[in-house]
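Structural features, examined
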Amino acid sequence: MIDYIIIGLIIIVIILLIILITKKNNNNDIIEKLGKFETDITKSIGDFKFDFSKVLTSDFDSLNERIERKLTLINDMVNERLDKNFEKSNKTFNSVLERLSKIDEAQKKIDDLGNDIVSLQGVLTDKKTRGTFGEVSLEYILNNAFGSSSNGIYKTQYKFENGYVVDAILFAPAPLGTISIDSKFPLENYQKMTDKTKTKEERNMYEKLFIQDVKKHINDIKTKYIVPGVTTEEAIMFLPAEAIFAEINAYHPELITYAYNNKVWITGPTTLISTLYTISMIIKNIERDKYAKIIHEELNKLSVEFSRYKERWEKLSKNIKAVNNSVDELTTTTEKITKKFDSINRVEIKKIEVKDD
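For clarity, every value in this text was computed on a predicted model and none was experimentally measured.

**Overview of the packing of helix α6 (residues 242–251) against helix α7 (residues 253–261)**
- It is the contact of α6 with α7, at a shortest axis distance of 5 Å, that shows an interaxial angle of 95 degrees. Considering the angle they form, α6 stands roughly perpendicular to α7. Contacts between α6 and α7 involve Ile-248, Asn-249 and Tyr-251 from the first element and Pro-253, Glu-254, Leu-255 and Ile-256 from the second.
- For the contact of α6 with α7, the per-class residue count stands at five nonpolar, one polar and one charged.

Here's what the structure looks like:
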């Protein structure tokens, strides 16, 4: 549009110039020239319009082509980024699904564990089952400390001549001796004593019952499993629950004193393991000392034999020396005899000439 305005202004200027230049000519010439000029201008404008339209169309096509290329490039880039983002989103989604599946598995395991705990609590409510649990725990600890019971260091469910059966007995060498170990599990009154839903008076009552239970177990171990002439004067009471052992040590020192006076040592899983490993080291040291004594005795015997060997060797050495002297003397005599024989062999017998009378 601007180009058309400029062209129009140029035409007007040219017309004015022509009018000024040709003002002296007649009107016919002016009109004729103006008509001719108008025709030329119109033709030029038409040619210009054609060329301009052609150029404008070409430029528009070129611009359109560039725009299409740009749009295609942008579309490709957008698609590529969308594909990459989709791939990342897909991976993230798959990872989330995988983690959700793991969470589901973990939740199932937690539910199973909860069921196991509930069933364990149900099992431990039965006294006989609690006793079995304590016996199995005790045997497991003994097996870890000393190995299989076939090695003769300990036995489980050992029956004494008095008819009582102890959960385990440890055959340690002197001065330790034979030690009885029995598992006790005073759980019922302990649970009620520590139940916060109960009143303080109720918990105090159950605490007294718990103390009575522990003392009864101590008395049973003393009277049944400390056998004069068979076991040592001490025995071990094993509490399978670490919480009960901690409760006694932290809040009931009178039970520790009572057990000490009755020569019963109260242990939990941790302390029993430490105690048994200590006993194991003592047994090993005793065995080593026993073998060291045997070695010392054998060395003393060897020393005696070596002294005899020394005496006999000295005698033999003297005899060998005397024989050597005799051999030397015999060699000297032999040499002398040999020299005599050699001298005789070298003697020339002179011929004795007989004179005729």
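**Points about α6**
- Those residues of α6 not exposed but buried are Ile-244, Phe-245, Glu-247 and Ile-248. Looking straight down α6, one finds that the buried residues subtend no more than 160 degrees of arc, so they occupy a single side.

**Examining the pairing of strand β1 (residues 154–159)**
- Relative to strand β2 (residues 165–171), β1 runs antiparallel, the two being bridged by five bridges. Counterpart to Lys-155 in the pairing with β2 is Ile-169.

**What to know about the sheet that holds strand β4 (residues 235–238)**
- Across the sheet, five strands lie side by side as β1-β2-β3-β4-β5; this open sheet has mixed pairing. With partners counted over all chains shown, the strands left at the sheet margins are β1 and β5 (264–267), one partner each. Taking the axes of each pair of neighbouring strands and ignoring which way they run, one obtains an average angle of 30 degrees across the sheet.

**A word on the layout of surface pockets**
- Within this model, the largest pocket holds a volume of roughly 480 Å³.
- Along the wall of the largest pocket there are 19 residues; nearest its centre are Lys-127, Arg-130, Lys-184, Phe-185 and His-217.
- Elements that contribute at least two residues to the lining of the largest pocket include exactly α3 (127–146), β3 (178–183), α4 (188–193) and α5 (200–225).
- It is α3 that contributes the most residues to the lining of the largest pocket, seven residues altogether.
- Grouping the constituent residues of the lining of the largest pocket by class yields three nonpolar, six polar and 10 charged.

**Digging into unusual backbone geometry**
- Not every positive phi belongs to a glycine, and Gln-157 is a case in point at roughly 50 degrees.
- Take Gln-157: it is sitting in strand β1.
- Take Gln-157: its relative accessible area is 40%, and that puts it in the partly exposed class.
- We note that Lys-263 has phi near 60 degrees; this positive angle belongs to a residue other than glycine.
- Turning to its location among the elements, Lys-263 is positioned in the loop between α7 and β5.

**Describing the side chain of Ser-183**
- Within the secondary structure layout, Ser-183 lies in strand β3.
- Judged by its relative accessible area of 12%, Ser-183 is buried.
- Ignoring any residue separated from it by four or fewer positions in sequence, one finds Ser-183 in contact with Gly-134, Glu-135, Asp-167, Phe-238 and Pro-240.

**Description of the pattern of salt bridges**
- The final tally for this structure, using the stated rule, is three salt bridges.
- Across the pair Glu-233 and Lys-263 runs a salt bridge whose closest N-O atoms are separated by 2.9 Å. One end of the pair, Glu-233, is in the loop between α5 and β4; the other, Lys-263, is in the loop between α7 and β5, with 30 residues separating them in the sequence.
- Residue Glu-233 is classed as exposed on the basis of its relative accessible area of 52%.
- You can call Lys-263 partly exposed: its relative accessible area is 34%.

**Let's talk about the confidence of the model for the chain**
- Per-residue confidence for the chain gives a mean pLDDT of 76, with 69% of residues at or over 70.
- Segment residues 113–123 is flagged for pLDDT under 50; beyond a separation of four residues in sequence, or across chains, it makes two contacts in the model.
- Considering only residues more than four positions removed or in separate chains, one finds that residues 348–357, a stretch of pLDDT under 50, has zero contacts.

**With respect to the packing of aromatic side chains**
- Following the criterion strictly, the structure yields six aromatic pairs and no others.
- Both rings, one in Phe-146 and one in Tyr-154, keep their centres 6.3 Å apart while their planes meet at 45 degrees; by these two values the pair is tilted.
- The exposure class assigned to Tyr-154 is buried, which follows from its relative accessible area of 1%.
- One aromatic cluster in this structure is built from Tyr-158, Phe-160 and Phe-171.
- Sitting over the ring of Tyr-258, Lys-215 keeps its end group 5.2 Å from the ring centre.

**Some remarks on the nonpolar core**
- Formed by 27 residues in total, the largest nonpolar core has its most connected members in Met-237, Ile-244, Ile-248 and Ile-266.
- Of all the secondary-structure elements, those providing two or more residues to this core are β2, α4, α5, β4, α6, α7 and β5.
- Residues in contact with Ile-244, not counting those within four places in the same chain, are Phe-185, Pro-186, Leu-187, Tyr-190, Phe-210 and Leu-239.
- In this structure, Ile-141, Leu-142, Phe-146 and Tyr-154 belong to the second largest nonpolar core, which totals 17 residues.

**Focus: the pairing of β3**
- With six of six residues buried, β3 lies mostly within the body of the structure.
- The alternating pattern of β3 places Thr-178, Ser-180 and Asp-182 and Ile-179, Ile-181 and Ser-183 on opposite faces, both of which are buried.
- Pairing analysis gives four bridges linking β2 to β3, with the strands arranged antiparallel. Across the sheet, Phe-171 pairs through a bridge with Thr-178, a residue of β3.
- Remark: six residues form the turn of the hairpin made by β2 and β3, two consecutive strands paired antiparallel; Gly-177 in that turn has positive phi of roughly 85 degrees.
- Pairing geometry for β3 and β4, over four bridges, is parallel. Looking across to β4, one finds that Ile-181 is bridged to Ile-236.

Cut-offs and rules
- Residues numbered from 1 in each chain as written.
- Predicted model: local features only at pLDDT ≥ 70, side-chain atom pairs only at ≥ 80, totals over all residues.
- Heavy atoms only, no water.
- Axes fitted to C-alpha atoms, helices over the stretch in contact; angles between N-to-C directions.
- Helix = DSSP H or I, 4+ residues; strand = E, 2+ residues; numbered from the N terminus.
- Parallel < 35°, antiparallel > 145°, perpendicular 65-115°, else oblique.
- Contact = heavy atoms within 4.5 Å.
- Nonpolar A, V, L, I, M, F, W, Y, C, P; charged D, E, K, R; others polar.
- Buried < 20%, exposed > 50% of the residue type's maximum accessible area, 1.4 Å probe, protein only.
- Arc of directions from axis to C-beta.
- Pairing = 2+ DSSP bridges.
- 1 Å grid on protein atoms, 1.4 Å probe; cavity = no way out; pocket = protein on both sides within 12 Å on 5 of 7 lines; lining within 4 Å.
- Points joined across faces, edges and corners; volume = space filled by probe spheres on them.
- Salt bridge = Lys/Arg side-chain N within 4 Å of Asp/Glu carboxyl O.
- pLDDT = per-residue confidence, 0-100.
- Phe/Tyr/Trp six-rings, centres within 6.5 Å; stacked < 30°, edge-to-face > 60°.
- Lys NZ or Arg CZ within 6 Å of the ring centre and 35° of its normal.
- Core = buried A, V, L, I, M, F, W, Y, C linked by side-chain atoms within 4.5 Å.

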